[in-house]
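Observations on chain architecture
One-letter residues, chain by chain:
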Amino acid sequence: MDNGFAISEIIKLAEKMVIVINASTFKISDLIKVKKVNKSIFAMFNFYPRPETGIDLYQFVKIAHEYKKIKIPLYAFISGDLNKRGPLFMGLPTLEFTRDLPPYVSYVLLNKSKLLDGVFVGDIGLKEDTIKRIDQYQKDGVIHLKAKLLNADLYNKKFTNRIDSPLSLIRILESREYASVGHKVKPNNIKKRIRGSISIDNERYQRYSGEIMIYKKDYPLDQKVNVIGNVDNKYLLLLDLIKGDDQFVLIKD
């Protein structure tokens with residue numbers, strides 16, 4: 001229910017049944033009145049079929065914090081990737097910036113925000129691989145990053161971000177076993193490291209040769225560092241969610 005109903009009508013219905021109100025449009029002052037007659041109400045953000053009309057991140061966070069204060073369960077929508085709903089077929093998200101993101105990325109972003117009690121798919125469905133990936137994330141919290149790599153051996157392996165990694169990059173803990181005296185990586189593909197680049201230190205870094213990093217911001221070219229791949233552009237936002245000691249997997253598709 002949204003502001004198309006008079007508050008008196010909503011209160012009468014809330015006295016008889018559990019209702020869901022539109023968090024995108026409902027006034028908090030009115031919500032408090034409804035909660036007095038039924039503490040089991042829910043709130044869902046709207047979804048937005050027309051591009052450019054979804055709410056922005058600031059609006060989302062502000063509203064969500066207000067709902068947290070009064071302890072109302074809150075939900076939001078993400079676009080699907082199977083059989084988009086008409087008439088526009090351009091996704092049905094709550095947040096505009098997630099409209100064209102893979103549903104897995106959108107789900108992890110919203111889940112990591114800790115502001116919601118659940119996420120709904122606005123469109124008709126999700127691809128089977130997407131469902132499996134989201135289900136796996138729910139079980140283990142390991143983030144999957146789609147990437148293009150020169151070294152295929154790095155795909156589908158669980159990596160850990162070093163707990164002391166700076167905020168601007170991810171240092172792969174497991175690569176330290178290669179970063180030892182005697183392990184030589186020849187200089188190759190040396191270039192500027194842009195956000196999302198994946199690198200390995202070459203032999204010019206001596207005992208650090210073999211250490212692998214992923215960059216959250218741009219870094220200059222370094223003759224001691226080889227660029228061996230990059231994270232897919234639509235997965236870049238997930239880099240900012242990987243903190244110290246978090247685990248992740250690099251996937252091909």
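Everything in this summary refers to the structure shown in the same document. (Residues numbered from 1 in each chain as written. Predicted model: local features only at pLDDT ≥ 70, side-chain atom pairs only at ≥ 80, totals over all residues. Heavy atoms only, no water.)

Some points on the nonpolar core
Side chains that are nonpolar tend, in soluble globular proteins, to be buried together. In terms of nonpolar packing, the biggest core is built from 59 residues, with Tyr67, Ile143, Leu238 and Phe248 touching the most fellow members. In contact with phenylalanine 248, not counting residues within four places along its chain, are Val142, Ile143, Leu145, Lys157, Lys158, Phe159, Thr160, Asn161, Ile170, Ile172, Ile214 and Ile242. Membership of the second largest hydrophobic core comes to 5 residues, among which are Leu169, Tyr215, Tyr219 and Val225. (Core = buried A, V, L, I, M, F, W, Y, C linked by side-chain atoms within 4.5 Å. Buried < 20%, exposed > 50% of the residue type's maximum accessible area, 1.4 Å probe, protein only. Contact = heavy atoms within 4.5 Å.)

Concerning the pairing of strand β9 (residues 212-215)
Neither face of β9 is left uncovered, since the one carrying Ile212 and Ile214 and the one carrying Met213 and Tyr215 both have all their residues buried. As judged from the 3 bridges shared by strand β7 (residues 169-171) and β9, these two strands associate in the antiparallel manner. The residue bridging arginine 171 from the neighbouring strand is methionine 213, located in β9. Pairing of strand β8 (residues 197-201) with β9, which is carried by 3 bridges, proceeds in the antiparallel orientation. Considered in β9, the bridge of serine 199 is made with methionine 213. (Helix = DSSP H or I, 4+ residues; strand = E, 2+ residues; numbered from the N terminus. Pairing = 2+ DSSP bridges.)

Considerations on the sheet that holds strand β6 (residues 158-160)
Across the sheet, which stays open at both edges, the 7 strands sit in the order β6-β11-β5-β10-β8-β9-β7 with mixed pairing between neighbours. Bordering the open sheet on either side are β6 and β7, each of which pairs with just one other strand. Between one strand axis and the next, the sheet turns through 35 degrees on average, direction left out of account. (Axes fitted to C-alpha atoms, helices over the stretch in contact; angles between N-to-C directions.)

Notes on the packing of aromatic side chains
The full count for this structure, using the stated rule, is 9 aromatic pairs. Between phenylalanine 47 and phenylalanine 77 the ring centres are 4.9 Å apart and the planes differ by 90 degrees, which places this aromatic pair in the edge-to-face class. Of this pair, phenylalanine 47 sits in the loop between β2 (42-44) and α3 (57-69) while phenylalanine 77 is found in strand β3 (residues 74-78), placing the two residues 30 residues apart along the sequence. Given a relative accessible area of 23%, phenylalanine 47 falls into the partly exposed group. Phenylalanine 77 gets classed as buried once you look at its relative accessible area, which sits at 11%. (Phe/Tyr/Trp six-rings, centres within 6.5 Å; stacked < 30°, edge-to-face > 60°.)

Things to note about the layout of surface pockets
In this structure, the largest pocket occupies an estimated 410 Å³ of space. Of all the secondary structure elements, the ones that give two or more residues to the lining of the largest pocket are α4 (103-113) and α5 (128-140). It is α5 that provides the largest number of residues to the lining of the largest pocket, a total of 3 residues. A breakdown of the residues in the lining of the largest pocket according to their chemical character gives 5 nonpolar, 3 polar and 11 charged. (1 Å grid on protein atoms, 1.4 Å probe; cavity = no way out; pocket = protein on both sides within 12 Å on 5 of 7 lines; lining within 4 Å. Points joined across faces, edges and corners; volume = space filled by probe spheres on them. Nonpolar A, V, L, I, M, F, W, Y, C, P; charged D, E, K, R; others polar.)

A word on the side chain of arginine 171
Along the polypeptide, arginine 171 turns up in strand β7. Ignoring anything within four residues of it in the chain, the contact list for arginine 171 reads Thr160, Asn161, Arg162, Ser165, Pro166, Arg176, Glu211, Ile212 and Met213.

Comments concerning the pattern of salt bridges
Evaluated as defined, the whole model comprises 11 salt bridges. Taking the shortest distance from any N to any O, the salt bridge between arginine 50 and glutamate 52 comes out at 3.3 Å. Relative accessible area serves as the criterion here: at 47%, arginine 50 is assigned to the partly exposed category. What makes glutamate 52 exposed here is its relative accessible area of 66%. Glutamate 211 is the partner of arginine 171 in a salt bridge, and the nearest nitrogen-oxygen pair spans 2.8 Å. Placement of arginine 171 in strand β7 and of glutamate 211 in the loop between β8 and β9 is noted, with a sequence separation of 40 residues between them. Under the relative-accessibility criterion, arginine 171 is labelled buried at 17%. (Salt bridge = Lys/Arg side-chain N within 4 Å of Asp/Glu carboxyl O.)

Points about α3
Owing to its 3.6 residues per turn, the α-helix aligns residues three or four sequence positions apart on the same side. Taking 1.5 Å per residue, 13 residues should reach 18 Å; α3 reaches 19 Å between its end C-alpha atoms and fits that length. Of all the positions in α3, only Phe60, Ile63, Ala64 and Tyr67 are classed as buried. Along the long axis of α3, the arc covered by the buried residues comes to 100 degrees, so they all point the same way. Facing away from the buried side of α3 by more than 90 degrees, the exposed set consists of Tyr58 and Lys69. Its buried side turned inward, α3 meets β1 (20-22), α2 (28-37), β2, β3 and α4. Where α3 begins, the side chain of aspartate 56 points an oxygen toward the backbone nitrogen of tyrosine 58, at a separation of 3.2 Å. One or two residues past the end of α3 sits lysine 71, with phi positive at roughly 55 degrees. (Expected span 1.5 Å × (residues − 1). Arc of directions from axis to C-beta. Polar contact = N/O pair within 3.5 Å; in protein donor to acceptor, adjacent residues only side chain to side chain.)

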